[in-house]
Each structure stands twice: as structure tokens, then as C-alpha cells.
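# Residue-level structure breakdown
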Amino acid sequence: MAQFDEAGLTAEVIRSFQSTPNPRLKTLVTELVKSLHDYVQRTNLTFEEWNYAIEFLTRTGQTCTPVRQEFILLSDVLGVSMLVDAVNHREREGATETTVLGPFYVGEHKPLPHGSDISLGDPGEPMFVTARVTDLAGKPLKNVRVDVWHADDDGFYDSQKESYATQGPSMRARFTPDDDGRFYFRTILPCSYPIPMDGPVGDLIRASDRHPMRPAHVHFLVEAPGYDPLITHVFIDGDKYLRSDVVFGVKDELIAKVERRTEPKLPDGTPVDRPWHLMSYEFHLKPGEGVAPKPMAAE
Ligand SMILES: [Fe+2]
């Protein structure tokens with residue numbers, strides 16, 4: 001039986017993958033082995049730490065449910081999600097900036113007509129969202145799928161609440177832009193929120209003395225045949241966490257001035273009896289063939 005020293009072991013493990021038929025898989029596994037071995041050596045990892053890491057990853061998996069994705073959250077707080085986003089979007093050519101998908105792209109995104117109130121009457125300050133989807137030359141794109149989702153006035157997504165099982169989705173919907181590439185809907189102003197802190201990722205954030213907050217935002221996933229899917233957020237200007245997002249997801253271009261308005265009617269004519277907010281944004285899609293992720297299916 002062969003016996004290896006530290007350096008020889010790494011080389012032998014890499015050699016054991018030499019016959020991997022898929023060249024990309026071979027590269028990914030080889031580089032993973034190199035990085036993991038290097039990590040163990042540079043840190044002089046103890047048995048206790050190694051066992052903790054195994055237990056931590058086990059708990060991360062066990063915390064996942066059909067509507068909770070702790071591994072995406074772990075990737076997000078380690079900055080891996082934004083790094084994958086960065087290396088895959090080096091050439092934007094004027095397309096709207098991208099950011100993390102996040103762990104709350106779940107369940108049903110029900111197609112709704114323009115002007116629908118996606119908050120389903122939940123308490124909060126009214127917000128009217130109007131947006132347009134175009135290509136890089138400004139040509140409007142119709143027949144596009146736009147999924148939107150955001151947190152409520154207390155910072156929770158529908159899927160985090162017990163009522164989700166009986167009431168279904170809220171602050172989560174799908175729109176199809178009109179001939180001019182426009183879509184609009186009513187909702188409430190989302191607020192900044194802490195990532196879920198009751199699982200292993202929360203333990204990591206607490207142990208590191210980091211704050212758990214994300215600045216207020218609305219998620220958009222825009223998908224059109226012949227274009228790269230756009231996975232992004234629109235952040236609300238003025239939020240105190242814009243410069244310290246726990247998942248590193250903020251880009252300046254994605255911060256929108258959300259205007260406070262007092263007119264008695266929303267832009268679509270709906271009467272409103274209190275001050276409201278107007279979010280406007282234009283999304284520019286780049287030609288491509290990328291495949292957008294599908295939402296995790298709720299049970
Ligand atoms: Fe979010």
C-alpha cells in the first residue's frame with residue numbers, strides 16, 4: 001500500500017482524478033482538491049475544527065426545506081454568490097447590473113395583471129412600482145417573464161411565515177410587460193431585514209460579530225428568449241445598510257430614488273388615502289442564451 005507525505009498526498013489525489021472523462025469536471029475537482037489541501041495545510045486544521053466543519057455543513061443541509069435554502073445563504077454571506085456573479089458578468093455592455101438571487105426565490109410566482117396589489121392588504125406604506133424592459137438599444141421587450149418578490153413591512157418574506165402554508169404567496173408575483181415593455185404593480189414599501197439567524201449561518205454571523213442586515217430592496221428576475229436572464233434587485237436609496245449589506249449585493253446602479261408622493265391617486269388611477277412611494281426603474285437585457293433558475297417548489 002502506498003504511503004504519502006503531505007506534498008505527495010495532494011499530487012496523488014489529483015492524479016486519481018486524471019481519467020475523469022468530462023474535462024470541465026476534471027478541472028473543477030482538481031482545483032477543489034488543491035484549494036482544500038492548501039487550506040488544511042495553511043491553517044494546520046485540528047481534528048476538532050475539522051469535525052466542527054463537518055457538523056456545520058451537515059446542519060446547513062438539514063436546515064434546508066422546500067422553502068428555505070441555507071446553503072444559498074451560506075454562499076451569500078461568504079461572498080461566493082457575488083463572486084460567481086462577477087466572474088460570469090464581466091462584460092455588461094450597458095446591460096443592467098446583476099446581483100444575488102438570494103434564498104427566497106421559492107414557491108409560486110402567480111401571473112397577475114398590471115396594477116395588481118401584490119401585498120394582499122398587508123400593513124405598510126403603499127408603494128407603486130413602474131418599470132420597463134428593453135434591449136441594449138432601448139427597444140421594448142414584451143413576452144418577457146418578470147418575477148418579483150420582496151419582504152414585508154417587518155422584513156419577512158411570505159415563505160418565512162407560518163401563514164404561508166394556508167395563505168400562499170404574497171409580495172411575490174409574475175408580470176408580463178406590455179407592447180412598450182412596461183409593467184406596473186402596487187405593493188408596500190419593503191424595509192431592511194436581517195437574514196434568518198436561527199440556523200448555522202446565523203451562528204457564523206454571531207460568532208464573527210457581523211450585523212445580519214440587508215438594505216431594503218425588491219427582487220426582479222427578468223427572462224426573455226434570446227437574452228441573458230437578469231437576476232437583480234432594486235435597492236431603496238437612503239437605507240442605512242446600503243454600504244454594509246451582509247451578502248455584499250449592492251451595486252450603485254441598482255439604487256433607486258423612491259419618491260414620497262402625496263397625490264390622492266396612484267399613476268394607474270387607483271385612489272389612495274395616505275402618502276405613498278413611487279419606485280421607477282428600467283431594465284436593459286443583453287443578448288444571450290443563459291438559463292434562469294426556477295424557483296424552489298413549495299410543498
Ligand atoms: Fe431579499
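Below is a short write-up of the structure. (Residues numbered from 1 in each chain as written. Predicted model: local features only at pLDDT ≥ 70, side-chain atom pairs only at ≥ 80, totals over all residues. Heavy atoms only, no water.)

### Brief notes about the overall build of the protein
Condition: By the criteria applied, helices consist of DSSP H or I runs no shorter than four residues and strands consist of E runs no shorter than two, each listed in order from the N terminus. With a 1.4 Å probe rolled over the protein chains alone, any residue whose accessible area is under 20% of its type maximum counts as buried; one over 50% counts as exposed, and the rest are partly exposed. Throughout, a residue-residue contact means that at least one pair of heavy atoms, one from each residue, lies within 4.5 Å. Note that His is not counted, nor are the chain ends; the positive residues are Lys and Arg, and the negative ones are Asp and Glu. For the purpose of locating charges, the reference atoms are NZ of Lys, CZ of Arg, CG of Asp and CD of Glu.
Along the protein, the regular secondary structure elements total seven helices and 11 strands. Projected onto its principal axes, the C-alpha coordinates of the protein cover approximately 80 × 40 × 35 Å. The buried share among the 299 residues of the protein stands at 44%. A separation threshold of at least 6 residues defines the contact pool for the protein, and within that pool the share at least 24 residues apart is 73%. The centroid of the 32 positive side-chain charges in the protein is displaced by 3 Å from the centroid of its 45 negative side-chain charges.

### Examining the pattern of salt bridges
Put simply, the test is: The term salt bridge refers to a pairing of a side-chain nitrogen on Lys or Arg with a carboxyl oxygen on Asp or Glu at a separation within 4 Å.
As enumerated under the stated definition, the model contains 27 salt bridges in all. The closest approach of N and O atoms between Arg-145 and Glu-223, which form a salt bridge, is 2.8 Å. Taken together, the residues Arg-145 in strand E2 (residues 145-150) and Glu-223 in strand E7 (residues 217-223) connect sequence positions 78 residues apart. Comparing Arg-145 with Glu-223, the two get one shared label, buried. Arg-172 is the salt-bridge partner of Asp-158, the closest N and O atoms lying 2.7 Å from each other. Placement of Asp-158 in the loop between E2 and helix H6 (164-167) and of Arg-172 in strand E3 (residues 172-175) is noted, with a sequence separation of 14 residues between them. Under the relative-accessibility criterion, Asp-158 is labelled buried at 4%. Taking relative accessible area as the criterion, Arg-172 reaches 4% and is therefore assigned buried. Among the charged side chains, a salt-bridge network with shared partners connects Arg-145, Asp-147, Arg-174, Glu-223 and Lys-294.

### Quick notes on the packing of helix H3 (residues 47-63) against helix H4 (residues 70-77)
Short version of the rule: Lines fitted to C-alpha atoms define the axes here, with helix axes fitted over just the stretch in contact, and angles between the N-to-C directions of these axes take values from 0 to 180 degrees. Roughly parallel refers to an angle under 35 degrees, roughly antiparallel to one over 145, roughly perpendicular to one between 65 and 115, and oblique to any angle outside these ranges. Three residue categories are used. Nonpolar comprises Ala, Val, Leu, Ile, Met, Phe, Trp, Tyr, Cys and Pro, charged comprises Asp, Glu, Lys and Arg, and polar comprises the others, including Gly.
The interhelical angle for the contact between H3 and H4, taken along N-to-C directions, is 125°, at an axis separation of 7 Å. Taken together, the axes of H3 and H4 lie oblique to each other. Contacts from Phe-56, Leu-57, Thr-60, Gly-61 and Thr-63 in H3 reach Glu-70, Phe-71 and Leu-74 in H4. The residue makeup of the contact of H3 with H4, split by class, is four nonpolar, three polar and one charged.

By themselves, these are just geometric observations and shouldn't be taken as functional.
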